[in-house]
Amino acid sequence: MPPAADAPLLVDRHGRVHRDLRISLTDRCSLRCTYCMPAAGVPWIPAHDALTTDELVRIAAVAVAQGITEIRLTGGEPLLRTDVVDVVSRLAALTGPSGRPEVSLTTNGLRLPELAGPLAAAGLARVNISIDTLRRDRFRTLTRRDRLDDVLAGIAAARAVGLSPIKLNVVAMRGVNDDEIVDLVRFAVEGGYEVRFIEQMPLDAGHVWSRVQMVTGAEVLAALRSAFDLVEAPGRGSAPAERWVVDGGPATVGVIASVTAPFCGACDRVRLTADGQLRSCLFARTETDLRTVLRTGGDDAAVAHAIRRCLAGKRPGHDIDAPGFLQPDRPMNAIGG
Ligand code: SAM
Ligand code: SF4
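What this report covers is the structure whose coordinates are included nearby. These figures come from a predicted structure and were not determined experimentally.

1. Looking at the overall build of the protein chain
(1) Moving on: The helix and strand tally for the protein chain stands at 10 helices and 14 strands.
(2) Moving on: At 19 Å, the protein chain has a C-alpha radius of gyration in line with the 20 Å of a compact globule built from 337 residues.
(3) Moving on: With the principal axes as the frame, the protein chain shows a C-alpha extent of 55 × 50 × 45 Å.
(4) Moving on: A burial count over the protein chain gives 54% of its 337 residues as buried.
(5) Moving on: Counting 40 positive and 40 negative side-chain charges, the protein chain places the centres of these two groups 2 Å from one another.

2. A few points about helix 9 (residues 300-312)
(1) Moving on: Here helix 9 contains 13 residues, and its C-alpha end-to-end distance of 18 Å stays within 8% of the 18 Å for a straight helix at 1.5 Å per residue.
(2) Moving on: Of all the positions in helix 9, only Val 303, Ala 304, Ala 306, Ile 307, Cys 310 and Leu 311 are classed as buried. Projection of helix 9 onto a plane perpendicular to its axis shows the buried side chains occupying an angular sector of 160 degrees, all on one side. Those residues of helix 9 that are exposed and angled more than 90 degrees off the buried face are Ala 301 and His 305.

3. Some details on the sheet that holds strand 7 (residues 166-171)
(1) Moving on: Pairing in this open sheet of 12 strands is mixed, and the strands run 9-10-11-8-7-6-5-4-3-12-13-14 from one edge to the other. Looking at which strands have only one partner, the edges of the open sheet turn out to be strand 9 (230-232) and strand 14 (288-289).
(2) Moving on: Along the sheet, helix 1 (residues 53-65) makes contact with strand 3 (20-24), strand 4 (70-74) and strand 12 (269-272), crossing strand 3 at roughly 175 degrees.

4. Side note on the layout of surface pockets
(1) Moving on: Its volume calculated, the second largest pocket comes out at about 230 Å³.
(2) Moving on: Lining the second largest pocket are 13 residues; nearest its centre among them are Thr 34, Met 173, Gln 200, Val 208 and Gln 213.
(3) Moving on: The residue makeup of the lining of the second largest pocket, split by class, is seven nonpolar, five polar and one charged.

5. Structural notes on the pairing of strand 3
(1) Moving on: The element strand 3 is extensively covered by neighbouring structure, given that five of its five residues are classed as buried.
(2) Moving on: Side chains Asp 20, Arg 22 and Ser 24 project from strand 3 onto one buried face, and the interleaved Leu 21 and Ile 23 project onto a second face that is buried too.
(3) Moving on: Two elements, strand 3 and strand 4, share five bridges in a ladder whose sense is parallel. Its bridge partner lying in strand 4, Ser 24 is registered against Thr 74.
(4) Moving on: Where the polypeptide runs from strand 3 across helix 1 and back to strand 4, its parallel neighbour, the crossover connection is right-handed.
(5) Moving on: Where strand 3 meets strand 12, four bridges bridge the pair, whose relative direction is parallel. When the sheet's bridge partners are listed, Ile 23 is paired in strand 12 with Leu 272.

6. Looking at the site of ligand 1
(1) Moving on: Around ligand 1, 19 residues are found, and the nearest of them are Tyr 35, Gly 76, Ser 130, Asn 169 and Met 201.
(2) Moving on: In the environment of ligand 1, a nitrogen atom lies 3.2 Å from a nitrogen or oxygen atom belonging to the side chain of Glu 77.
(3) Moving on: Protein contacts shield 95% of the accessible area of ligand 1, which totals 540 Å² for the unbound molecule.
(4) Moving on: Looking at the shell around ligand 1, the elements with two or more residues in it are strand 5 (102-107) and strand 7.
(5) Moving on: Residue composition of the shell around ligand 1, grouped by class: seven nonpolar, 10 polar and two charged.

Here is what the cut-offs are and how they apply
- Residues numbered from 1 in each chain as written.
- Chains lettered and ligands numbered in written order.
- Predicted model: local features only at pLDDT ≥ 70, side-chain atom pairs only at ≥ 80, totals over all residues.
- Heavy atoms only, no water.
- Helix = DSSP H or I, 4+ residues; strand = E, 2+ residues; numbered from the N terminus.
- Rg over C-alpha atoms; globule rule 2.2 N^0.38 Å.
- Buried < 20%, exposed > 50% of the residue type's maximum accessible area, 1.4 Å probe, protein only.
- Lys, Arg positive; Asp, Glu negative; His and termini not counted.
- Charge placed at Lys NZ, Arg CZ, Asp CG, Glu CD.
- Expected span 1.5 Å × (residues − 1).
- Arc of directions from axis to C-beta.
- Pairing = 2+ DSSP bridges.
- Contact = heavy atoms within 4.5 Å.
- Axes fitted to C-alpha atoms, helices over the stretch in contact; angles between N-to-C directions.
- 1 Å grid on protein atoms, 1.4 Å probe; cavity = no way out; pocket = protein on both sides within 12 Å on 5 of 7 lines; lining within 4 Å.
- Points joined across faces, edges and corners; volume = space filled by probe spheres on them.
- Nonpolar A, V, L, I, M, F, W, Y, C, P; charged D, E, K, R; others polar.
- Right-handed = clockwise from strand over helix to strand, strands pointing away.
- Near = heavy atom within 4 Å.
- Polar contact = N/O pair within 3.5 Å; in protein donor to acceptor, adjacent residues only side chain to side chain.
- Areas by Shrake-Rupley, 256 points an atom, 1.4 Å probe, with all protein chains shown as cover.

Taken by themselves, the reported measurements are silent on function.
Below, the structure is given as structure tokens:
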């Protein structure tokens, strides 16, 4: 159903209409990926600051009424939230000017064997699963946990219950897994999945990201071209991934060059952290405190006003290349990837 002509829209000062809400369900995680979390000593969000399910559904309901059409659940590891199936069914039942939102999830896959079926039944539309390597020793080094077999079982479980498409997120890292770029695509083509290679961004807990260490989208493409025939897929829209048809199709592969070819001009995302802070960008230096709006008795109009105030401050770009760039204080697991 197209939105009504007078439907409210979340437009920022640069004319970008926001349709995509990312909700972090928790900052906790079952892995410790080096580019995201520290090995130990994580400053967890205190339980009393975390949004309750009623609170997060209420914020999402206001956002959907304001024109959000896609909700992606993330974290930390979203499947660690004990009521995640209930969260999905409540979010999938919301309605806005364009009807019901599409609810999807980004996960490390570890709990998919038991949850893929219930999530699909609750209305989950799609899933992205992160897997950076197919080698057990590397997986253990990269995530600091020996759980590769569980991720593979999670991917298989998502496929078995018919979740589609299944996208596999890979962060390529120099000297770590960049020799597996072709192998990961072969694995995906055989399984009917779509790999998306993501440039590593400065969102690690240790603040040790360096541009030199980052494998660029162009380098990923060069590696892929050495093994596959790639033809650009049409219709990118506001999607961050540039997609390529592999060897005549139907398989495709995506490259998300967030650092070297930012797509900020078409960004339609806004992010809610597990402690109720709204962020207009992964790299925002400020947050809008929706939790306090709710807990001080704010009505839906007050929540909508706060969402608009947040977007009014959205900068045109992430400025990773600007001389004064400062990495956000919170690491990726606390922001919600
Ligand atoms: N735990 C879930 C997972 O790993 O899929 C969801 C949260 S995770 C923060 C979401 C995505 O962000 C994952 O695909 C992960 O690889 C990616 N990610 C984390 N840190 C990153 C970084 N510094 N640069 C680029 N992508 C990153
Ligand atoms: Fe956990 Fe996902 Fe971060 Fe890895 S990328 S540590 S799985 S939140």
